[in-house]
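Chains, contacts and geometry: an overview
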Amino acid sequence: MQLYPAIITEALATVRYPGNGKNLVEAQMVEDDIRIDGDSVSFSLIFDKPTDPFMKSVAKAAEAAIHTRISPDVKVTVNTVSRKPVPAAAPPVLPGVKNIVGVSSGKGGVGKSTVAANLAVALAREGYRVGLLDADIFGPSVPKMFGIEDEQLFIHEVDGRNLIIPVERYGVKVLSIGFLVDKEKAVLWRGSMASNALKQLIVEADWGELDYFLIDMPPGTSDIHLTLVQTLGMTGVVVVTTPQEVALADARKGIAMFMDEKVSVPILGLVENMAYFTPAEHPDERYYIFGREGGIRLAEKLGVRLLAQVPLVASIADSGDAGEPVAMTDSVTGHAFAHLAHEVTDAVAERNATLPPTHKVELKH
């Protein structure tokens, strides 16, 4: 008696699975593991569930088919296995958001949060639907800049889920890590605590439909940056620096982190903040207090866009302290942020036209 896989398969094709009426071969229930040793044969039958009610009867029918079609002397071993469940695709994070833009800096004190807040307002003034997440756990300043420090957060139900309602001001939907802490006390976070709080503000908030979702990221490089790129597929990052060499050196490190092949988040461009001092009374005069055109040189060296040079004007800080972003005003700095908004939208459009859709970063240890 000569046994070979094809004759075994032919015998199994005569057995029908009661669940759908198809034969075992047609139903792709015969595993590709037929083993023959003399007059002994073994193979596996695949079932969708380990609790399949027809499992035992089908296995017996398969054994009987081989005895009937080939020979009663064949020693048959039938193994039963269940299919590995196909994991359900995770629902997309922020499905209503078109573009997710991080605003980052290599070091603190370069005006990153000021740029993030005014960029958000400038985009909203252009008619875009904008959200701003203040993810700077060490110095959440966005609530003060928007005049919403004392706002209470509320929750409502959306499609059976309880979601946080962002505070809306100047046409921008805002949430901040600062809403979750006492503003009079130092913020002491363990890494996991901060990461979980940020994920909650992203995933468990009703951001709705947005054209731009801006994230004011902490300065430097930290676990929070990894949390953000692992939670969201970021469209790109805007890096803020000043013309000072020490700031430029830190900006290089920040850009290197995002350009690392394991992270690979596109750099939309560089913003040179405090590029020069302009007296409000003499807007045509420029004094280069922190160095001259360092941002221009860094952008050229790294091959990224210089999105804008924002002048140092006292009204920027005054407006932020008063909770009225300077981007709302018709001023030199207001125009600078309007220009920045145009440059960012152009950079995002070019990025989306030339690069594939962004996916969240999968970091493997």
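Preceding block: the structure.
What comes next is a walk through the structure.

Conventions adopted
Residues numbered from 1 in each chain as written. Predicted model: local features only at pLDDT ≥ 70, side-chain atom pairs only at ≥ 80, totals over all residues. Heavy atoms only, no water. Pairing = 2+ DSSP bridges. Helix = DSSP H or I, 4+ residues; strand = E, 2+ residues; numbered from the N terminus. Axes fitted to C-alpha atoms, helices over the stretch in contact; angles between N-to-C directions. Parallel < 35°, antiparallel > 145°, perpendicular 65-115°, else oblique. Contact = heavy atoms within 4.5 Å. Nonpolar A, V, L, I, M, F, W, Y, C, P; charged D, E, K, R; others polar. Buried < 20%, exposed > 50% of the residue type's maximum accessible area, 1.4 Å probe, protein only.

1. Concerning the sheet that holds strand β2 (residues 40-47)
Strand order in the open sheet formed by 3 strands is β1-β2-β3, with mixed pairing between adjacent strands. This sheet does not close on itself; its edge strands, each paired only once, are β1 (35-37) and β3 (75-82). Taken pair by pair, the neighbouring strands of this sheet meet at an average axis angle of 20°, ignoring direction. Examined bridge by bridge, β1 and β2 share 3 bridges and lie antiparallel to one another. Looking at the pairing, aspartate 37 lines up with serine 40 of β2.

2. Brief notes about the packing of helix α3 (residues 112-125) against helix α10 (residues 332-354)
Their axes nearest at 9 Å, the elements α3 and α10 cross at an angle of 80°. Judged by the inter-axis angle, α3 sits roughly perpendicular to α10. Contacts from Thr114, Val115, Asn118, Leu119, Ala122 and Leu123 in α3 reach Phe337, Ala338, Leu340, Ala341, Val344 and Thr345 in α10. Taken together, the residues that form the contact of α3 with α10 break down as 9 nonpolar, 3 polar and no charged.

3. Section: the pairing of strand β10 (residues 210-216)
In terms of burial, β10 is a largely internal element, 7 of the 7 residues being buried. By the bridge criterion, 6 bridges tie strand β4 (residues 97-105) to β10 in an arrangement that is parallel. Within β10, the residue paired with isoleucine 100 across the bridge is phenylalanine 213. Bridging between strand β5 (residues 130-134) and β10 involves 5 bridges; their strand directions are parallel. Following the sheet pairing, aspartate 134 is matched in β10 by aspartate 216.

4. Some thoughts on the sheet that holds strand β8 (residues 167-169)
On the basis of which strands lie adjacent, the open sheet formed by 8 strands has the order β8-β9-β5-β10-β4-β11-β12-β13 and mixed pairing. Looking at the sheet topology across the chains shown, the edges are occupied by β8 and β13 (306-312). Taken over all neighbouring pairs, the strand axes of this sheet differ in orientation by 25° on average, direction set aside. Where β8 lies against strand β9 (residues 172-176), 3 bridges are found, and the strand directions are antiparallel. Bridge assignment links glutamate 168 to a residue of β9, and that residue is lysine 173. Where helix α8 (residues 294-302) meets the sheet, its contacts fall on β12 (267-277) and β13, and the angle it forms with β12 comes to roughly 160°.

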